[in-house]
Structures are given as structure tokens and as C-alpha cells.
Amino acid sequence: MPVANFIRLAHAGFVMAREGVFGLVEVPDLPAGPRLALRLVRMFERKAARRADAGARISQAFNRLGPSYVKMGQFLATRPDVVGAEVALELSLLQDQLPPFPQDDAIAVVEEAFGQPIGEIFAEFGEPVAAASIAQVHPAVLRNPEALDDDPPVSAAADTDPEGAPDTIVAPDPGADGDTDADGDADSGKVAVKVLRPGVARRFQRDLQCFYLAARLIERFAPAARRLRPVAIVDTLARSVELEMDFRLEAAALSEMTENIASDPDFRVPSVDWVHTAKSVLTLEWIDGRKLSDVEGIREDGQDMERLAATIIQSFLRHALRDGFFHADMHQGNLFAQADGMLVAVDFGITGRLNRAERRFLAEILFGFITRNYLRVAEVHFEAGYVPATQDVAVFAQAIRAIGEPIHGHTASEISMARLLTQLFEVTELFDMTTQPQLIMLQKTMVVVEGVARTLDPKLDMWKTAEPVVREWIERNLGPAGKLADAGEGFGGFMRLMGDMPVLAERAARISAELESMSKTGLRFDQATAEAIGRAEARHTRSGRWALWVIAASAVAIAVEVLF
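Residues numbered from 1 in each chain as written. Predicted model: local features only at pLDDT ≥ 70, side-chain atom pairs only at ≥ 80, totals over all residues. Heavy atoms only, no water.

Caption draft 1: Fine view of the overall build of the chain. Helix and strand counts for the chain come out as 22 helices and 12 strands. Of all 564 residues assigned to the chain, the portion counted as buried reaches 47%. For the chain, contacts bridging at least 24 residues in sequence account for 73% of all contacts bridging at least 6. A total of about 27600 Å² of accessible surface is found on the chain, and carbon and sulfur atoms cover 56% of it. (Helix = DSSP H or I, 4+ residues; strand = E, 2+ residues; numbered from the N terminus. Buried < 20%, exposed > 50% of the residue type's maximum accessible area, 1.4 Å probe, protein only. Contact = heavy atoms within 4.5 Å. Areas by Shrake-Rupley, 256 points an atom, 1.4 Å probe, with all protein chains shown as cover.)

Right under this line is the structure:
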């Protein structure tokens, strides 16, 4: 198995080299050794790849390598601290678009999930309209429409990729001519059915072993990269993909978001048909909607472009600050506009969460940037523990000012958010800030959201647009009412602690007895701990031995690729 993983990893490296992905790395910033290795690898680049832009290189390479690498690319788009802001932006545009799998296979997945013939569930089950690495979407008509939830209808299907579906989503009419009802009545039973790609779980598990191998090699031979914790990054990816392949969890995310936005007048998500949802099948409402990538079509519809752009930014901030739960993949392919200006978000496979403390820090940081109170922004970073106490607050505030001042008084069209994010991560490294994955995902999503809004309103000022939402949250949560609520929560916590005192006293007595026993007999590992230590030692030994085969395996993989 290790040899096979080395060969697969070498093949992946060769494909990326051929497509020019390594050419996106800035050579002058690298130490001498890696710089020489990079130049040698770039000798394998195709001439066409050298002429292509960054997005084309990445899309071509990752799509050639398959679903796992596409998903890895999309995940790394949320980690600009690892790949750099420019590459992260390109990865965020990676087209998760694969050829659809056969209709019969999709029907088999649906029938296995529900244990009955598809004809007993759907009156119609159409050909796929979007196919991505994990799933594809089919238009369908329920045989028993009354099974649908009574939630308000929305204007989108569960699109699974940014470019795989038409810019205007129209559900097929049960009649046969393909037209939809003018009012989009949910009683007709028209739905979008998201079906898991057969065999995708097994393929991901195999490729994840290669990702783990690469991460361990990086941690062992690139000490400077250990700060980014490559193995932990792969752990997070593995967990994310595991959750994303269980559509019941995506349905739960949609349900939670529906509750959170019940009073929002300009933002919706599709309602879930729980009766026809399983681990491998997700059924949602389907009504008309226009994808935000169709800017000209939205303009022709007579939409208020400035209002729609502001809605995108304010909705995202409202969800992050007010609810602590936000859509973390808000690219143009996952956002739709209804005729009445309602914004609809789909595909909740990737979401982010912030606890109350993180929301407070976020609000104060944003408000500090908006009001140019850079000293307060710096103080919040220290209070949150993001910056080590050994650093100087005033010097950090000076670094924050260097980031914040250039953005004021300029429209979004005059500001490079990628450059801004690059500066932010340079400051992060300069002041030894600990990586905060949840905040990095938030920052990445904010950049993507700003980019989508800019396509609708090039003159949009993100900071002025964000100010009302941030100010409202601060006034409500950090003002007198917020302080009173915090005091109430603190008192409630104190009362719970008092109730737990007998249990805590018993645990303290048990720990004291165990410590006394250890002082007499010494520290002993249980069997599981001893076995874990043995496995770790064996793994390190194997890694060193197999590393000697990397060059040979790489040569074999390259030769196979060239010959065949």
C-alpha cells in the first residue's frame, strides 16, 4: 500500500507539473533548495500550460486528477494562509464539473436509499442538469406532492457546482414541454434531487492516504511548514468530505439556516423534503431562479443591481455575526436571484460557525477598521489570544494601520482584496499569530462574497455596506442590553457550577487517590496508549524507509505517463 501511495502521489505531482501548477509559486520567496527543485519540476510543463492563466492551469490539473483533488483544491481555497491569497482566489473559482454518471446508476442509488422502485417515489425523474465531484442533480416530480414541507418556496435547485448547471434554472413541467408554472406552485411536486456519485467514498478514502503521505513528508522535511500543520489540514479535509457526503447533514444545515433567517426579508434557502432525503439522496424544492453568474440576464430582468449586491454582503455578515452560522461557499454558482429581488443560496455542503466570543471579536475588529480605530483592533487580537502576549500592541496596531488605511475612500473596484488578504497573512506570520481555521474560512468567504457583489455593482464600497450590520450587532450585544444579557448568562453558569459541586468534589477525590497511587507505583500506560505509541514509532520508521523510494517511484510514474 505505501508503494502504491508513493506512485499515485508522484503521478499527481507529474500531472500538476505538466499543467503548470507549480509555476504559480513565487520562486524568489523560496529558499535555495526548494527553488532549485521547483525549477527542475517546471521543466515538465507543457508549452500550452505556460501560456494559460492561473485558473485554467489549476482547473485542468485538478480535473484530470479526479474528484478528490477537485475537492482538495476547493478546500485549500479556504486556507490562503497555506497556499497564498492569489492562489486561494483562483482555487475558489475551481470548476467542480465532471461528466454525469449514467441515469440508471442514479436510479439505483435512489431505489437503494428508499427501498422501493423509483416509480413509486417520482412521477418523473429527468436527466442530470449538474454533475460535480460528489453528486449530481436531477429534476423530478414527486408522485405524492403533499409530502413536501410547507416552507415558503424558493427559486433554486441544489446546484452542486459553479458552472455545471444552466444560468437560469427551470424545473420541467409534468406535461412534457419543459415549461414551468408561472407562479412556481410547490403543489405541483417539482423538486431537485441530489444523488451521491457511486463509489465516490471509496475513491476519496484511497486518495486521502496519498494526501496524508504528502503531509507527513512535508512535516518531516520542511520544518518551516510545520507551523501550518499539514497533517491537521488533511484531517480537516477528511472530516469535511465525510460530512459533505452525508446529505442528511446538508439537509440539517438548510433547516437550521431556514430557522435563523425566518425574519429576513431578502434572503432564502430551499426547503427540504425530509421524507425523500437519505444519506445518499437529498430532495429539495425547485422553482425558477437566475444564477448570479448571469449578470446580463439579471440586468435584463430589471433587478436593482446595487441593492442585490448590498444584500449579498449584508446577509453574509448578518448570518456570521447574528447567528454564528454561515454559508462558507457563497460563489456565483450557489446564489440565485428571484424576480422580486429575493436572494437564494443553495449547496450547504460547506458551512462555518463562530462562537459568541469569536463573533464579538469579529464585530469589534470590523468596526475598528470601519472607524479607523486601529489600536482597538490590535487590542482585540491580543484579548482573543490570536497574537502572543510577548508582542507589542502598539507595533501591531501600526501594522494593522498599514493594512486598513489604503482601503478607505476607495471603491471596491480600486481595491485588490487578494492583495489586502496577502498583507493580512504576512502580518500574521510576522507576529507569530496562531492559525485560526474558522476565522480563515470566514475571511476567505468574505473575499468571495465581496467579489460576487462587485460583479453586480463595480462601485460597491464593502466597508460602508457592512457598517449598518456591524453597528447594529455591536449596539445590541456590547451595549447596556448586551452587558445585562452577559451578566445573566454568567449568573446562570455560576448556578450550574454550584449544582455540579458534589460531582466535582467526587472527581477531585478520585484524582487525588490516583496521583497518590502513581507516586508509589509510577506512571503506567494502558494497553491502548502503548499500542498507539508503538504504531507511531513504526510509522516514522516506515516513512524514512519509504522516502528512499520516492525518486524511483516518481521516475516510474513519469515514464508511464510519457509512454502511455
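That was the structure; now back to the text.
Caption draft 2: Up close: the packing of aromatic side chains. What the rule picks out here adds up to 4 aromatic pairs. A ring pair is formed by Tyr69 and Phe211, whose centres lie 5.0 Å apart and whose planes are at 90°; its orientation type is edge-to-face. Residue Tyr69 is located in helix α5 (residues 67-76), and its partner Phe211 is located in helix α9 (residues 200-221); the two are separated by 142 residues in the primary sequence. The residues Tyr69 and Phe211 share a single accessibility class, namely buried. Their ring planes at 75° and their centres at 6.0 Å tell us that Phe382 and Phe396 sit as a pair that is edge-to-face. Placement of Phe382 in helix α15 (residues 374-383) and of Phe396 in helix α16 (residues 393-404) is noted, with a sequence separation of 14 residues between them. Phe396 carries the same exposure label as Phe382, and that label is buried. (Phe/Tyr/Trp six-rings, centres within 6.5 Å; stacked < 30°, edge-to-face > 60°.)

Caption draft 3: Main features of the environment of Gln303. Looking at the element boundaries, Gln303 is found in the loop between α12 (295-300) and α13 (305-323). When the C-alpha atoms of Gln303 and Asp340 are compared, they prove to be 8.0 Å apart, with 37 residues separating the residues in sequence. With residues near it in sequence (within four places) discarded, Gln303 still touches Ile298, Ala337, Gln338, Ala339 and Gly341.

Read these as geometric descriptors, not functional statements.
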